[in-house]
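# Notes for the structure review
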Amino acid sequence: MRAALICIDKKDHIAIRKANREAHLAYIASTGIVEMAGPFLDAEGGMTGSLVILTVDSLAGAEAWAAADPYAKAGLFETVTIQEWKKVVG
């Protein structure tokens, strides 16, 4: 199954995002379950959150992945929503 993680950064936390970006990207690469991912952007092009599409066995697996993400461990996110997602186009 696929799960979408919709993560919204805490206001004024860009320094935390930048400081943990390398570890976050390494985590994505090492886990092998991320189908696609990228940041949400504000009107000026600044990063304000993340969308991550995972291929997992269960929502519990997606929750575990999200909890172990270096961004989450660093306290970057104001909210994280995890929803089962079905790819239809693309």
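Here is what the cut-offs are and how they apply
- Residues numbered from 1 in each chain as written.
- Predicted model: local features only at pLDDT ≥ 70, side-chain atom pairs only at ≥ 80, totals over all residues.
- Heavy atoms only, no water.
- UniProt positions renumbered as here; feature names shortened; annotations may be inferred.
- Helix = DSSP H or I, 4+ residues; strand = E, 2+ residues; numbered from the N terminus.
- Buried < 20%, exposed > 50% of the residue type's maximum accessible area, 1.4 Å probe, protein only.
- Phe/Tyr/Trp six-rings, centres within 6.5 Å; stacked < 30°, edge-to-face > 60°.
- Pairing = 2+ DSSP bridges.
- Salt bridge = Lys/Arg side-chain N within 4 Å of Asp/Glu carboxyl O.

Named according to an unreviewed UniProt entry, the protein chain is YciI family protein originating from Pseudogemmobacter faecipullorum. Quoted straight from UniProt, the Sequence similarities (unreviewed entry) entry for the protein chain says "Belongs to the YciI family."

What follows concerns unusual backbone geometry. Of note, D12 is a non-glycine position whose phi angle comes to about 60 degrees, a positive value. Its location among the elements puts D12 in the loop between β1 (2-9) and α1 (14-31). The exposure class of D12 is exposed, given its relative accessible area of 71%.

Annotation from UniProt places "domain: YCII-related" (unreviewed entry) at residues 1-86. Taken end to end, residues 1-86 comprises 37% helix and 40% strand; its first and last C-alpha atoms sit 8 Å apart.

With the rule as written, the count across this model stands at two aromatic pairs. Both rings, one in Y27 and one in W65, keep their centres 4.8 Å apart while their planes meet at 35 degrees; by these two values the pair is tilted. Taken together, the residues span a long stretch of sequence, with Y27 in helix α1 and W65 in helix α2 (residues 59-68) at a distance of 38 residues. The buried category is assigned to W65, whose relative accessible area is 4%. Pairing Y71 with F77 gives two aromatic rings, centres 6.1 Å apart and planes at 85 degrees, and the pair type is edge-to-face. For F77, a relative accessible area of 11% corresponds to the buried category.

Note that β1 and strand β3 (residues 47-55) share seven bridges and pair antiparallel. The partner of A4 across the bridge, within β3, is I53.

What follows deals with the pattern of salt bridges. Scanning all chains against the criterion turns up three salt bridges. The salt bridge involving E35 is made with R2; its shortest N-O contact spans 2.5 Å. Of this pair, E35 sits in strand β2 (residues 34-41) while R2 sits in strand β1; the two residues are 33 residues apart in sequence, bridging distant segments of the chain. Bridged by salt links that share partners, the residues R2, E35 and K87 form one connected network.

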